[in-house]
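Below, each chain spelled out in residue letters.
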Amino acid sequence: MKKTWRNIIIVFWILIALEGTAAFIVLNPYFKIQRLFEGVEAGNWQVTQENYDNLNYSQQQKVQGYLDDYAIHLCEQYLKEKVTYEQIAASFDAINSIDETGKIMITYMPDVTYNEFKKDIKGIEDANRAFDSNKAFELSKQLRAVRLRIDNTSKEQALMEMLNETYVKYLNEEMTSEQALAFAETLAGMSYTDAAEYITVISNNIACVEEYRQIYADAQAAFDDEDYFKAIELLELATPDSHDTKYLASFENLHEEAYSTGKTYYTDLLNEYVQTGMKVEAVSLMEKISECYGDEIDLTSVKQDMADEWQLAYIDRMLDEEARKNNLSGFETGRYILERYDRLKPDSVVLHDIDGNGIPEMFLFSSKDVGNDYIGCYIYTYREGECKFVNYVNVKSFCRDSYLIGYPIAFSRDGGDEDSLVQYDGANLTQISYVQKIGETYYVNGEETDDVDYLSERTTILAHADAYNVGNSKSASIEEGEGFILAY
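Quick summary incoming for the structure in this document. Just so we're clear, the structure is a prediction, and the values are computed from it rather than from any experiment.

So, on to the overall build of the protein. Counting its regular elements, the protein contains 18 helices and 10 strands. When the 488 residues of the protein are sorted by exposure, 41% land in the buried category. In the protein, once contacts between residues fewer than 6 apart in sequence are set aside, the share between residues at least 24 apart is 55%. Accessible surface, the protein as shown: approximately 27,600 Å² in total, 50% of it carbon and sulfur.

Let us look at helix α2 (residues 45-53). When α2 is considered as a whole, its buried residues turn out to be Thr48, Asn51 and Tyr52. Seen end-on, α2 carries its buried residues on one side only, within an arc spanning 100°. Residues Gln46, Glu50 and Asp53 are exposed on α2 and point more than 90 degrees away from its buried face. Where α2 starts, the residue carrying a side-chain oxygen 3.1 Å from the main-chain nitrogen of Gln46 turns out to be Asn44.

Notably, Glu226 is not glycine yet its phi reads approximately 65°, a positive angle. Following the sequence through the fold, Glu226 ends up in the loop between α9 (194-224) and α10 (228-235). One non-glycine residue, Asn445, lies in positive phi territory at about 55°. For Asn445, a relative accessible area of 41% puts it in the partly exposed group.

Turning to the packing of helix α3 (residues 57-79) against helix α4 (residues 85-98), a few remarks are in order. Two elements in contact, α3 and α4, have axes separated by 11 Å at closest approach and are oriented at 170°. Looking at the two axes, α3 sits roughly antiparallel to α4. Contact residues: Val63, Gln64, Leu67, Tyr70, Ala71, Leu74, Cys75 and Tyr78 in α3; Tyr85, Ile88, Ser91, Phe92, Ile95 and Ile98 in α4. For the contact of α3 with α4, the residue count by class is 12 nonpolar, two polar and no charged.

A contiguous patch of negative charge, built from Glu233, Glu236, Glu287, Glu291, Glu479 and Glu480, is present on the exposed surface. Locating Glu233 in the fold gives a position in helix α10.

By the definition in use, this model includes 14 salt bridges. One salt bridge in this structure joins Lys119 and Glu116, with 3.4 Å as the shortest N-O distance. Of this pair, Lys119 and Glu116 both sit in helix α5 (residues 104-129), three residues apart, which is roughly one turn of that helix. Assessed through its relative accessible area of 40%, Lys119 is described here as partly exposed. Looking at Glu116, the relative accessible area reads 1%, which means it is buried.

A few words now on the packing of α2 against α4. When two helices pack together, their arrangement is given by the angle between the helix axes and the distance between those axes. Remark: α2 packs on α4, axes separated minimally by 8 Å, with the N-to-C direction vectors making an angle of 30°. By the angle class used here, α2 and α4 are roughly parallel. Once α2 is placed against α4, the crossing between them reads as right-handed. Touching Trp45, Thr48, Gln49 and Tyr52 of α2 are Asp93, Ala94, Ser97 and Ile98, all from α4.

What follows deals with the environment of Glu236. For Glu236, the location among the structural elements is in the loop between α10 and α11 (245-275). Taking the C-alpha atoms as reference points, Glu236 and His255, separated by 19 residues in sequence, lie 8.2 Å from one another.

What follows is about the environment of Ile72. Note that Ile72 resides in helix α3. Separated by 32 residues in the primary sequence, Ile72 and Ile104 place their C-alpha atoms 9.7 Å from one another.

As a further point, take the pairing of strand β1 (residues 348-352). Within β1, five of the five residues are buried, which leaves the element mostly enclosed by the surrounding structure. Of the two faces of β1, the one carrying Ser348, Val350 and His352 and the one carrying Val349 and Leu351 are both buried. Sheet analysis places β1 next to strand β2 (residues 361-365), joined by five bridges and oriented antiparallel. By the bridge assignment for β2, Val350 is matched with Phe363.

Glancing now at the pairing of strand β3 (residues 375-383). Most of β3 sits out of view: seven of its nine residues are buried. Judged from the four bridges that link them, β2 and β3 form a sheet pairing that is antiparallel. By the bridge assignment for β3, Phe365 is matched with Cys377. Strand direction decides the pairing type here: β3 and strand β4 (residues 386-398), joined by nine bridges, are antiparallel. Counted as the bridge partner of Ile375 is Val395 from β4.

Reading the values: rules and limits
- Residues numbered from 1 in each chain as written.
- Predicted model: local features only at pLDDT ≥ 70, side-chain atom pairs only at ≥ 80, totals over all residues.
- Heavy atoms only, no water.
- Helix = DSSP H or I, 4+ residues; strand = E, 2+ residues; numbered from the N terminus.
- Buried < 20%, exposed > 50% of the residue type's maximum accessible area, 1.4 Å probe, protein only.
- Contact = heavy atoms within 4.5 Å.
- Areas by Shrake-Rupley, 256 points an atom, 1.4 Å probe, with all protein chains shown as cover.
- Arc of directions from axis to C-beta.
- Polar contact = N/O pair within 3.5 Å; in protein donor to acceptor, adjacent residues only side chain to side chain.
- Axes fitted to C-alpha atoms, helices over the stretch in contact; angles between N-to-C directions.
- Parallel < 35°, antiparallel > 145°, perpendicular 65-115°, else oblique.
- Nonpolar A, V, L, I, M, F, W, Y, C, P; charged D, E, K, R; others polar.
- Patch = residues over 30% accessible without salt bridge, like charges linked within 9 Å, V, L, I, M, F, W, Y side chains within 5 Å.
- Salt bridge = Lys/Arg side-chain N within 4 Å of Asp/Glu carboxyl O.
- Lys, Arg positive; Asp, Glu negative; His and termini not counted.
- Charge placed at Lys NZ, Arg CZ, Asp CG, Glu CD.
- Left-handed = near helix turned anticlockwise from the far one by under 90°.
- Pairing = 2+ DSSP bridges.

Put into structure tokens, the structure is as follows:
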């Protein structure tokens, strides 16, 4: 019995041994493949290649089929921060040493390197901002290794992408302009092509944003001070970046509020000026209202209320070019005046009360004449309830009495030096004294004379001008003439 049991035990162990041997034979190739991928995970390309070379062809083909999925696994581990860039780079080097297609590395590693490049730069900036020099140093070392693996095109693209991200954060007020510019400066040393130029663009954009944000602040301050004209003017100076949604809406809302509030405010203020007799202030305000609101605020009734009859008559004539030309054609010298009118069309106006009756005469002239010895003027007066054309005269200066220095075209000669003392009696111009020099021939009141009489008479004319000189007279363009006349 004992012999039989011993034989059974021996057979049992033999069977166990045979089963273990069979299992070893079956599992051994998988152990080899496992050791290969352990080499990949360790980032040891030499071990990986050695294990790969020890596989038969069929086993090698199985490994080739696993590589793509394993590469995806590695990328997932990197994104979850379970492996570092240094580790995944070494693992991909190991894969690349056995990849028969040569595609695994170039398919997956560029994206990893791209993200790591951006992450390291951001990390360096954060470390610098936190004054953590040790971390900044370590990341700088790592960045140098990453830059060896990234091509120039990807590097430039990453830099530009980071600049855009930084600019958006700045627009969203997640970082200050100083921080954004400092980060751009950090990137500046990493590029010499597209991104370097883009850094300049972003820096300029930030400067523009800072400028229009300050404009908005100034406009808000003006609005708070009830200076709605200034607020509107400031808000129309700039347009926010279309990506700066907060300020874009703020500009639009403040402009709308300033415009509508100012419309009521300035209408009430104008009526107050008119009612209290503040004529100059009313005229100035009307000009600003017209410039800002155009026809939205009707000023006709206000002008009628505050204007004298002569002012309304002058304004009508000044703005009616056809009526002005009709005035000229009826004069004895009308043909000559019209010729000059067409050459030097009046575009400016001066008011001066020559005869001292309290109602000034209106002088229309061309600004092109300013700077000459004489300025050609078309003179109008208000008499018998209407605006009447007096004459055309070349004016050198106005006098405080009823005189001016100049000469009407009817009295002029061709060429030479001329001066004339002209008097205005409220209706007509009368030449009192006239001197002229042509070459070496002298004239006084149209009669030829010698140089002594000429100089004596001319001295008398100029002395009168000096004694009664009114100085420089204020003028305005015809476009601004309405307010200018109303403010007189």
